[in-house]
Amino acid sequence: MADVTDQQQELFETELGQLVLKIDREAREAHKEHSYYDLKASDSATYKALKKDPEKAANLARFIFQNRTKIVKYIRSYSSKWPSYWCGFATFTGLMRSTLPIEPDELLDWMFQIKQECRIEKKPNYNRITLLELWPIGFMVQMIERNAKKTPLSETALARLKTMLKWDEMNEPNYFGTDFAKVKIRLERLLNETEGTGHLVQPYKKLSGDMFGDPLEADLNQLPPEEAAKWHRVFNLAAAANGAKPKKVFLSDAKTLKDGLGKEWVRSHIQDWIKRALSAKIIEQTHTNTDWGGDYTWIEHTVFTKSNATLLKGLVWICDGFQDAKTINLVADLCEKSMKKVPNVGPAAQATANACLWYLEMTPGAEATARLSRLGTAIKQKSVQKKVAAIVAKKAKAAGITPIQLEERTVPAFGLTQGEKTVPFGEYTLKIVAEGPGKVSQTWLKPDGSVQKSKPKPVAGKSTLKAKFDKVKGDIASMKKVLTAQRDRIDRLFAEDLHWPLAEVETCYVNHDLICGMARRLIWA
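Definitions and limits used
- Residues numbered from 1 in each chain as written.
- Predicted model: local features only at pLDDT ≥ 70, side-chain atom pairs only at ≥ 80, totals over all residues.
- Heavy atoms only, no water.
- Helix = DSSP H or I, 4+ residues; strand = E, 2+ residues; numbered from the N terminus.
- Buried < 20%, exposed > 50% of the residue type's maximum accessible area, 1.4 Å probe, protein only.
- Areas by Shrake-Rupley, 256 points an atom, 1.4 Å probe, with all protein chains shown as cover.
- Salt bridge = Lys/Arg side-chain N within 4 Å of Asp/Glu carboxyl O.
- Pairing = 2+ DSSP bridges.
- Arc of directions from axis to C-beta.
- Contact = heavy atoms within 4.5 Å.

**Q** For this particular structure, what's the right way to read the overall build of the protein chain?
**A** Scanning the protein chain from terminus to terminus reveals 24 helices and 10 strands. Across the 525 residues of the protein chain, 48% fall into the buried class. For the protein chain, the accessible area works out to roughly 27100 Å², and carbon and sulfur atoms hold 52% of it.

So this is what it looks like as structure tokens:
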């Protein structure tokens, strides 16, 4: 394989040109059977030595960029097979990941030149890289961010960063290369840190397409600009959720966001948005394609669009640190909904469900463990059941008990006493009795103690009583789920070789204030 073309020969006879070839050669030798995407400059000993001299590394980056039309060429590999790479490009990408003495204005010049070249020539070209997402734009912005901590950005640099936020790529999905959703977050953060929070926040435009996002977008469009900007900031961060678990930088950005907007504001709004997601129904759309002289029709079922599933995933990650029962139960309900099967799709949003499990794993306390335990029986997919079991086992080990003991000790009682409780509503009283799996009775009592056959008018009329009743209804729905989950768990206990102290059986079952009615009908031996 020829390493260079005639046009490159003169450049590669220079000291920096020889350095480019040497790093490429060493990196290729480490990955002879792989494509450029696996080619790493860090595999080169010469590259590692170069990074110890930041000035020389910066000059090499300038050399490659200034001569990119002659150096960055598509090179065939050792055989005629697919593996190939772009000369010098792995080195340039690696250098952009470093902190080099390159001024932000110079880096911005480079990015705007790349943008212009990719805009003019969008079709593939083996003589230059014409796709913006292949260039390390994210790393270049990251270097600007690092340098800005030492030296204030110029007015020109700030203006160009704001212009970058308006690039079409910042609001378009991309499936490889630079993750522009993350770049957008970095730009927002950089501008906020430099100018305060007063600069214009870029609107989030990917809500529409399902019964969760459409009404949410309609409400967002009706908000005053200052309030809408808060929503956009949360959505832009959440939309950058990428990977199986949040990285430290995401959690750091989430903390900054919560500190800036106020934790209670963020908590209450995310709770409301998750409630909306829980009520989203399946959209059924019929599509027809004409191909090979005929029509092909199929039906598409959607609960959450791909972008909204990612948004919900990010919103759940932002909840890290919120340990209140309301948030825990909403996230657990979202997990259950996300795993419900959709025709021809499978789970409605598997990645969102995984984010919910991560949140419940990270959240300490009995409430989170109890909801995890219920998910283990409510969700039928084996993969989720195994994941839940592993999380519960991890929590149990930390507590020094068995997973079954942990699950039983964290079953909530919902304020019941021996399976019953009464809730006052003004002059009226609601009597609640846990009767068995999925069954909780409700009886209204008049002031004199006699039975009221229907819900009293004051409860339906007064806003304070209505809100209280809505909360009680939610508790009753949760009781039913817990009772059913406990029935299923007790059934599984027959397959376990367990020996429990009588006192623990009495505490966790026979005398437990929620499940005592069900447990007392069993024979324990």
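**Q** When you look at the pattern of salt bridges in this model, what are you seeing that I'm missing?
**A** According to the stated counting rule, one finds 19 salt bridges in the structure shown. Its salt-bridge partner being Lys230, residue Glu227 comes within 3.9 Å of it at the nearest N-O pair. Here the residue Glu227 and the residue Lys230 both occupy positions in helix α12 (residues 225-238), the gap between them amounting to three residues, near one helical turn. A single network of salt bridges, built from pairs that share partners, joins Asp219, Asp272 and Arg276.

**Q** Quick question: what am I supposed to make of the pairing of strand β7 (residues 420-425) here?
**A** For a regular strand, side-chain orientation follows a simple rule: the groups alternate between the two sheet faces. Side-chain alternation along β7 places Lys421, Val423 and Phe425 on a buried face and Glu420, Thr422 and Pro424 on a face that remains uncovered. A loop of two residues connects β7 with strand β8 (residues 428-436), the two strands running antiparallel in sequence, and Gly426 in this loop sits at a positive phi of about 65°.

**Q** Help me understand the pairing of β8 in this model?
**A** Of the pairings in the sheet, the one linking β7 to β8 comprises six bridges and is antiparallel in character. Bridge pairing in β8 places Thr422 opposite Lys431. The pairing of β8 with strand β9 (residues 439-445) spans seven bridges and is classified as antiparallel. Note on β9: the bridge partner recorded for Gly436 is Lys439. The hairpin turn running from β8 into β9, its antiparallel successor, is two residues long, and Gly438 in that turn takes a positive phi close to 70°.

**Q** What should I look at first to understand helix α11 (residues 213-221) in this one?
**A** Residues lying three or four places apart along an α-helix face the same way, a consequence of the helix completing one turn every 3.6 residues. Within α11, the full set of buried residues consists of Gly213, Leu216 and Leu220. Down the axis of α11, the buried side of the element spans an arc of 65°, and every buried residue falls inside it. The elements touched by buried residues of α11 are α12, α14 (263-278) and α15 (306-318).

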